[in-house]
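Residues per chain are reported as follows:
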Amino acid sequence: MRYLTLALTTFMLGGCATGSKTTTTTMMSGNPVFEGWYADPEGIIYGKTYWIYPTFSDRYEKQTFFDCFSSKDLITWTKHHAILDTAEVKWAKRAMWAPSVIRKNKKYYLFFGANDVHEGEIGGIGVAIASKPEGPYKDALGKPLINEIVNGAQPIDQFVFRDDDGQYYMYYGGWGHCNVVRLDDNLTGLVPFADGAVYKEVTPEKYVEGPFMMRHNGRYYFMWSEGGWTGPDYSVAYAIADSPLGPFKRIGTILQQDASVANGAGHHSIIHPEGSNDYYIVYHRRPIGERAANHRATCIDKLTFDNQGFINPVKITFEGVEKRKL
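The residue numbers shown here count from 1 along each chain, following its written sequence. Residue-level local features of this predicted model are given only where pLDDT is at least 70; pairs of side-chain atoms are given and counted only at 80 or more, and the full residue set underlies all totals for whole chains, interfaces and linings. Hydrogens and water are ignored here; the side-chain numbers use all heavy atoms of the structure.

## A word on unusual backbone geometry
Phase 1 of the analysis: The linkage connecting N31 with the following residue, P32, adopts the cis geometry, with an omega of 0°.
Phase 2 of the analysis: Topologically, P32 is positioned in the loop between β2 (22–24) and β3 (38–46).
Phase 3 of the analysis: Between G135 and P136 the backbone carries a cis peptide bond, its omega angle lying at 10°.
Phase 4 of the analysis: By the criteria applied, helices consist of DSSP H or I runs no shorter than four residues and strands consist of E runs no shorter than two, each listed in order from the N terminus. Checked against the element boundaries, P136 lands in the loop between β9 (124–130) and β10 (138–139).
Phase 5 of the analysis: Here A82, not a glycine, exhibits a phi torsion of approximately 50°, which is positive.
Phase 6 of the analysis: Counting through the fold element by element, A82 comes out in strand β6 (residues 78–85).
Phase 7 of the analysis: Only protein chains enter the calculation, and the probe is 1.4 Å; a residue is then buried if its accessible area is under 20% of its type maximum, exposed if over 50%, and partly exposed in between. The partly exposed category is assigned to A82, whose relative accessible area is 29%.
Phase 8 of the analysis: Phi is positive for A98, close to 55°, though the residue is something other than glycine.
Phase 9 of the analysis: Within the secondary structure layout, A98 lies in strand β7 (residues 97–104).

## Description of the nonpolar core
Phase 1 of the analysis: Think of a nonpolar core as a cluster: buried Ala, Val, Leu, Ile, Met, Phe, Trp, Tyr and Cys residues, connected wherever their side-chain atoms sit within 4.5 Å. Y171, M223 and L303 are the most contacted members of the largest nonpolar core, which has 40 residues in total.
Phase 2 of the analysis: If one sorts the elements of this core by residue count, strand β18 (residues 235–241) sits on top with 6 residues.
Phase 3 of the analysis: For M223, the residues in contact, after removing those within four places along its chain, are G210, P211, F212, M214, V236, A237, Y238, I254, H268, I270 and I311.
Phase 4 of the analysis: The next biggest cluster of nonpolar side chains, apart from the first, holds 20 residues, and it includes F66, I83, L84 and V101. Should any heavy atoms of two residues lie within 4.5 Å, those residues are counted as being in contact.

## Re the sheet that holds strand β21 (residues 280–287)
Phase 1 of the analysis: In spatial order, the strands read β20-β21-β22; together these 3 strands make up an open sheet with antiparallel pairing. Each edge of the open sheet carries a strand with a single partner, namely β20 (262–271) and β22 (297–302). Taking each pair of neighbouring strands and ignoring which way they run, the sheet shows an average axis angle of 35°.
Phase 2 of the analysis: Strand pairing follows a simple DSSP-based rule, namely that at least 2 bridges must link the two strands. One ladder, built from 6 bridges, connects β21 with β22; its direction is antiparallel. Within the sheet, the bridge partner assigned to H284 lies in β22 and is T298. In this analysis, axes come from line fits to C-alpha atoms, helices being fitted only over the stretch in contact, and the angle between any two N-to-C directions falls in the range 0 to 180 degrees.

## Comments concerning the side chain of S235
Phase 1 of the analysis: Tracing the chain through its elements places S235 in strand β18.
Phase 2 of the analysis: Accessibility expressed as a relative area gives 6% for S235, which makes it buried.
Phase 3 of the analysis: Here the side chain of S235 touches D233 through a polar contact of 3.2 Å, landing on its backbone oxygen.
Phase 4 of the analysis: Look past the residues within four positions of S235 in its chain and what remains in contact with it is W224, S225, E226, T253, L255, Q256 and A265. Here a polar contact is recorded for every N or O atom pair within 3.5 Å, except that within protein the pair must consist of a potential hydrogen donor and a potential acceptor, and residues adjacent in sequence are included only if both atoms are side-chain atoms.

Have a look at this one:
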């Protein structure tokens, strides 16, 4: 489905999910990049295509499936509907959210949280597998990969990170706590660290949820969301470390609302075309005037570094990013 075409040199953005109108003379993505209420977006590149896997943002009872979106140029996005839902994941009843995706050995893995699990309940982090980025995805285990509450971390908001040595880590956690685990070769089980521990807590100062990890110039950049997800203080902060296990000392905020553009900007991911100096931050925000908790829209803006390797504060925009083919 075609959601947003900006094929003219001059265009206008508007509507319920935009929050304002603007004009420009350069072909830009516009923000939000596609229509509909979508949050917690995970951006990734597969081959010559950009992909975004977001949460369908609605009440928990209706949040029972995932859509994804693909683009060749960051401008035109195609919707792929219901790539995974609770009909396939028998143990998931509601509140499927915050997917994390990765490819290994020509298979595509989608990790997700479900059921808003609490102690003694069935739910937590699951994993599904497909032969194509757009699915359909099939539940790999028939049960959660992580069900229990460990170190006070609700098993949600997982992010899977492949280190340069080929090791796969998964960072996850809500309720103000973050854990890291190691994934096995099949990405469907956990393996202990060298000291025998399966779970390690890596919670930085002010952490709330939404962890993300990347490497830049040989160092580990760990990011997370702070504040309340329905409020104006929702934002993203980061740390830099020499190890994927930290310690992660908070440096500062890199993404936050601009009351003239949108409110509550947070829960992000990063897209980085290999071999380039381009970094794109994919995140959700609440349009001006929207009060409903689930009225969140997916946006993209540029992320940059200073000459010392620190991340510059991101300017959130209506215009978005320029057209860029891979």
